[in-house]
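In case you want the letters, here they are:
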Amino acid sequence: MQEQLSDRINRLETSATLAMAAKARELKAEGKNIIGLSLGEPDFNTPDFIKDAAIQAINDNYNSYTPVDGYADLKEAVIHKFKRDNRLTYDKSQIVVSTGAKQSLANVAMVCINPGDEVILPCPYWVSYKDIIKIAEGVPVEVPTTIDTDFKMTPQQLEAAITPKTKMLWYSSPCNPSGMLYSKEELRALADVLKKHPQIIVV
Ligand SMILES: Cc1ncc(COP(=O)(O)O)c(C=O)c1O
């Protein structure tokens, strides 16, 4: 079977999250008391007002192809949310509705990465970053961090990881899995390094 699959797919590793979730289910089925810390699944059901809105949308015939970047009224609602909760101002041209961050990241990888392009990944990073980059034929460049820097990449480490092939930097703050958060000053220091390399796209 494996030889029928593309090299692209065979290069991917099994998702650590899914493997861990399967193991947890297996142990639970054996009657063991297991607390699953793999999938980021809430421990509550979808609230009724969301379920009701989904049922209402079906009854209102929201059932054909959507505009690729999302319905205009949904984009307005997203803009409203960012303004109200995060004090961020966007216009509709800056909003794309997708089925999740994973899909958006895959889209970004496919449109930005050429074979052999390097993508800097401060470790630890969210489990799928590396495989999404590999499927786009990019080269993940891991930057190890330690507890001494609160698992954050320093400007010196960033500078040292940059080569003429560096195309992107991918990171998240707060970080999944460490939970660390870069301060404004720390982000500014990283941005000062990136300013010297304007070809690098930050995700
Ligand atoms: C840092 C980070 N990026 C991306 C994702 C994927 O998000 P989604 O479930 O919206 O595809 C997750 C999910 O846990 C995440 O923690």
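Scroll up a little and you will see the structure.
Now for a look at the structure at hand. (Residues numbered from 1 in each chain as written. Predicted model: local features only at pLDDT ≥ 70, side-chain atom pairs only at ≥ 80, totals over all residues. Heavy atoms only, no water.)

## Considering the site of the ligand
What surrounds the ligand is the set G100, A101, K102, W126, Y129, S172 and N176. Between A101 and the ligand, the recorded distance is 2.8 Å, taken from a backbone N or O atom to an oxygen atom. Across the complex, the protein chains shield 60% of the 400 Å² of accessible surface that the ligand would expose by itself. Each residue belonging to the shell around the ligand can be placed in one class, and the counts come to three nonpolar, three polar and one charged. (Near = heavy atom within 4 Å. Polar contact = N/O pair within 3.5 Å; in protein donor to acceptor, adjacent residues only side chain to side chain. Areas by Shrake-Rupley, 256 points an atom, 1.4 Å probe, with all protein chains shown as cover. Nonpolar A, V, L, I, M, F, W, Y, C, P; charged D, E, K, R; others polar.)

## Description of the environment of A191
With respect to the helices and strands, A191 occurs in helix 8 (residues 184–195). In the structure, A191 is positioned 36 residues away from P155 in sequence and 8.6 Å away in space, judged by C-alpha atoms. (Helix = DSSP H or I, 4+ residues; strand = E, 2+ residues; numbered from the N terminus.)

## A look at a nonpolar patch on the surface
A surface patch of nonpolar side chains, amounting to about 290 Å² of accessible area, comprises M1, L5 and I9. With respect to the helices, strands and loops of the structure, I9 is situated in helix 1 (residues 7–10). (Patch = residues over 30% accessible without salt bridge, like charges linked within 9 Å, V, L, I, M, F, W, Y side chains within 5 Å. Salt bridge = Lys/Arg side-chain N within 4 Å of Asp/Glu carboxyl O.)

## Some words on the sheet that holds strand 2 (residues 139–143)
Strand order in the open sheet formed by four strands is 2-1-3-4, with parallel pairing between adjacent strands. Every interior strand has two partners, whereas the edge strands, strand 2 and strand 4 (201–202), have only one. The sheet contact formed by strand 1 (residues 118–122) and strand 2 spans five bridges and is parallel. In the strand pairing of strand 2, I120 is matched with V141. (Pairing = 2+ DSSP bridges.)

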